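Architecture at a glance
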Amino acid sequence: MKIEHEYTFGLPRNIVWKYIKDEKVLRNSIPGCMSFIETSKGVYQVELEIKMGPIQDLFTLEIRLEENQSASLYRLHVRGTGNIGEIAGKADLYIKDFERAAKLHCQAEAEVTGAIALAGQRFLESGANKNMETFFQKVEKEIKRTLYYLKRRSR
């Protein structure tokens, strides 16, 4: 399954780049995140509750972040299992300047197996796109919240 998604942040690219890899921002932004623990540099063990229509399960994932080009591209790899199947995938996140903001383009590929794969590709793609939009909205909100608290603390 291939998914593409774009999101425009109301923040400069350098700020988005800095915080989109922040453990606290990620933990608070992933829909259904139950736990988020860094096991080694750039590698996280995540428990995630997935809810897409009639599909509901708790997945244990390993997410590995790779920074490829400073301030413009990073890749993440995901592998995990739940009671109803397995998921493996990767996503490339490209971030560029866009009219005093940051435009993110995400290209992702995922393979699902087990009962979750029986749900149908169109249903899974729709759910994945909705979850990506929610994730990036939450990332923006978390970055703004972090910046607000940093500004208040420096007064």
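Phi at Glu 99 takes a positive value of approximately 45 degrees, unusual for a residue other than glycine. With a phi close to 60 degrees, Arg 100 is a non-glycine residue in the positive phi region. Within the secondary structure layout, Arg 100 lies in the loop between strand S6 (85-98) and strand S7 (101-113). Judged by its relative accessible area of 85%, Arg 100 is exposed.

Relative to the helices and strands, Gly 42 is located in the loop between strand S2 (33-40) and strand S3 (43-52). Given a relative accessible area of 14%, Gly 42 falls into the buried group. Once the C-alpha coordinates of Gly 42 and Lys 103 are considered, the two residues, 61 residues apart in sequence, prove to be 23 Å apart. Apart from the residues lying within four places of it in its own chain, the contact partners of Gly 42 are Ile 63, Arg 64 and Leu 65.

The next thing to look at is the nonpolar core. By size, the foremost hydrophobic cluster in this structure holds 41 residues, and its most contacted members are Phe 9, Ile 20, Leu 93 and Phe 136. Sorting elements by how many residues they give to this core places helix H3 (residues 121-153) first, with seven residues. Residues contacting Leu 93, with those up to four places away along its chain left out, are Ile 20, Ser 72, Leu 73, Tyr 74, Leu 76, Leu 104, His 105, Cys 106 and Phe 136.

To continue, consider the pairing of strand S5 (residues 73-82). Sheet topology note: the S5/S6 ladder contains ten bridges and is antiparallel. Paired with Arg 79 across the bridge in S6 is Ala 88. What sits between S5 and S6 in their antiparallel hairpin is a turn of two residues.

A few words on the side chain of Asp 57. Looking at the secondary structure, you find Asp 57 in strand S4 (residues 55-69). With no salt bridge to any partner, buried Asp 57 finds its closest opposite charge in Lys 51, at an N-O distance of 12 Å. Here Asn 83 takes part through its backbone nitrogen, which lies 2.7 Å from a polar atom of the side chain of Asp 57. If we skip the residues at most four places from it in the chain, Asp 57 touches Leu 48, Glu 49, Ile 50, Gly 82, Asn 83 and Ile 84.

The rules behind the values
- What you see as residue numbers is a count from 1 along each chain, following the sequence as written.
- Given that this is a predicted model, residues contribute local features only at a pLDDT of at least 70 and side-chain atom pairs are listed and counted only at 80 or more, while totals for whole chains, interfaces and linings are drawn from all residues.
- The side-chain numbers reported here are obtained from all heavy atoms of the structure, hydrogens and water having been left aside.
- Helix and strand assignments come from DSSP, with helices taken as H or I runs of at least 4 residues and strands as E runs of at least 2, each series counted from the N terminus.
- We call a residue buried when its accessible area falls under 20% of the maximum for its residue type, exposed when it is over 50%, and partly exposed in between, using a 1.4 Å probe and counting protein chains only.
- In this description, contact between two residues means that some pair of their heavy atoms is separated by no more than 4.5 Å.
- We define the nonpolar core as a collection of buried residues of types Ala, Val, Leu, Ile, Met, Phe, Trp, Tyr and Cys that are connected through side-chain atoms lying within 4.5 Å of one another.
- DSSP bridges decide pairing: two strands pair if at least two such bridges lie between them.
- Note that His is not counted, nor are the chain ends; the positive residues are Lys and Arg, and the negative ones are Asp and Glu.
- Just to be clear on terms, a salt bridge is a Lys or Arg side-chain nitrogen sitting within 4 Å of an Asp or Glu carboxyl oxygen.
- Polar contact criterion, stated in full: a pair of N or O atoms within 3.5 Å, where within protein one must be able to donate a hydrogen and the other to accept it, and residues adjacent in sequence count only if both atoms are side-chain atoms.

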